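Listed here are the chains, written in short residue letters.
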Amino acid sequence: MRRILPFIGVASMQFQMIIASKFMRNGNLLQYFNATPGADRQHLVTQVAEGVYWLHEFKGLVHGDLKCENVLINDDGDAVLADFGLATLIEQEASDITTISAIRVMNTLPFAAPEIAFPKESKQDRTSRPRSKTCASDVYAFGMLILQVS
């Protein structure tokens, strides 16, 4: 199971790109837990892990902004990952176009791994930049998501 919010299409409005998806009436993970006190937290968190695993292993993507607010609950009561605005490819060549600096530094501080939140600049090689988001930083954010729902 992919555990990813289904993508319907895109549109552009002036200089803004809009991504369309189905409306999730159950809201995000925190909203769902507040509205449904008996919800199986462990089951839903496991579904989040499945979604992150699928992204990493089968799509070669890092989510980049994993938190409860970016996990929506579909009509069947299942968790789906959403908000891929900070997603990036796992494997990039040095020559690949990189994300612009303003977006690279965007993150939700409590969910940002220390190496992402407080990067150390290398004095030896200022031409290369550390990865802004990694599988490891997604795993760190997943751990923080677990704490968020506890």
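Source: prediction; values computed, not measured.

Chemist: How should the overall build of the protein be read in this particular structure?
Modeler: Broken down by element type, the protein carries five helices and six strands. Its helices and strands in sequence order give the protein the pattern β-β-α-α-β-β-β-β-α-α-α, from N to C terminus. Looking at the 150 residues of the protein, the share that counts as buried comes to 35%. Sequence separation of 24 or more characterises 68% of the internal contacts of the protein that already satisfy a separation of 6 or more. Accessible surface, the protein as shown: approximately 9900 Å² in total, 58% of it carbon and sulfur.

Chemist: Would you mind showing me how to read a nonpolar patch on the surface here?
Modeler: Taken together, the side chains of Phe7, Val10, Met17 and Ile19 define a hydrophobic patch exposed on the protein surface, amounting to about 470 Å² of accessible area. Only strand 1 (7-13) and strand 2 (16-21) provide two or more residues apiece to the nonpolar patch. Positionally, Phe7 belongs in strand 1.

Chemist: Looking at this structure, how should I read the nonpolar core?
Modeler: Core analysis: the biggest nonpolar cluster contains 21 residues, and Leu29, Leu44, Val48, Leu66, Val71 and Leu145 have the highest contact counts within it. Mapped onto this core, the elements with two or more residues apiece are helix 1 (29-35), helix 2 (41-59), strand 4 (71-73), strand 5 (79-81) and helix 5 (135-149). With six residues, helix 2 is the single largest residue contributor to this core. Once residues lying within four places of it in the same chain are set aside, the contact partners of Leu145 are Leu29, Val45, Val48, Leu66, Lys67, Cys68, Val71 and Phe111. One finds Met24, Leu72, Val80 and Ala82 within the second-largest nonpolar core, a separate group that totals five residues.

Chemist: Honestly, the confidence of the model for the protein in this entry has me stumped. Any pointers?
Modeler: Parts of the prediction with low pLDDT should not have their coordinates interpreted in detail. Looking at the protein, the pLDDT average stands at 85 and 81% of residues meet or exceed 70. Residue range residues 99-104 is modelled with pLDDT below 50. Its contacts to residues more than four positions away, or to other chains, number 10 contacts.

Chemist: Teacher, can you tell me more about the pairing of strand 1 here?
Modeler: Two faces make up the sheet, and in a regular strand the side chains alternate between them. By the bridge criterion, six bridges tie strand 1 to strand 2 in an arrangement that is antiparallel. Bridge pairing in strand 2 places Val10 opposite Ile19. Linking strand 1 to strand 2, which pair antiparallel, is a turn of two residues; within it Gln14 sits at a positive phi near 55 degrees.

Chemist: For this particular structure, what's the right way to read the environment of Val45?
Modeler: Relative to the helices and strands, Val45 is located in helix 2. Val45 sits in the buried class, given a relative accessible area of 11%. For the pair Val45 and Val149, spaced 104 residues apart in sequence, the C-alpha separation works out to 8.6 Å.

Chemist: Looking at this model, I keep getting lost on helix 5. Mind explaining?
Modeler: Quick reminder: α-helices carry 3.6 residues per turn. Residues three or four places apart thus point the same way. Between its first and last C-alpha, helix 5 extends 21 Å over 15 residues, near the 21 Å set by a 1.5 Å rise per residue. Of all the positions in helix 5, only Ser137, Asp138, Ala141, Phe142, Leu145 and Val149 are classed as buried. Angular distribution of buried residues about the axis of helix 5 spans 145 degrees; they occupy a single face of the element. Opposite the buried face of helix 5, by more than 90 degrees, sit the exposed residues Val139 and Leu147.

Conventions and cut-offs
Residues numbered from 1 in each chain as written. Predicted model: local features only at pLDDT ≥ 70, side-chain atom pairs only at ≥ 80, totals over all residues. Heavy atoms only, no water. Helix = DSSP H or I, 4+ residues; strand = E, 2+ residues; numbered from the N terminus. Buried < 20%, exposed > 50% of the residue type's maximum accessible area, 1.4 Å probe, protein only. Contact = heavy atoms within 4.5 Å. Areas by Shrake-Rupley, 256 points an atom, 1.4 Å probe, with all protein chains shown as cover. Patch = residues over 30% accessible without salt bridge, like charges linked within 9 Å, V, L, I, M, F, W, Y side chains within 5 Å. Salt bridge = Lys/Arg side-chain N within 4 Å of Asp/Glu carboxyl O. Core = buried A, V, L, I, M, F, W, Y, C linked by side-chain atoms within 4.5 Å. pLDDT = per-residue confidence, 0-100. Pairing = 2+ DSSP bridges. Expected span 1.5 Å × (residues − 1). Arc of directions from axis to C-beta.

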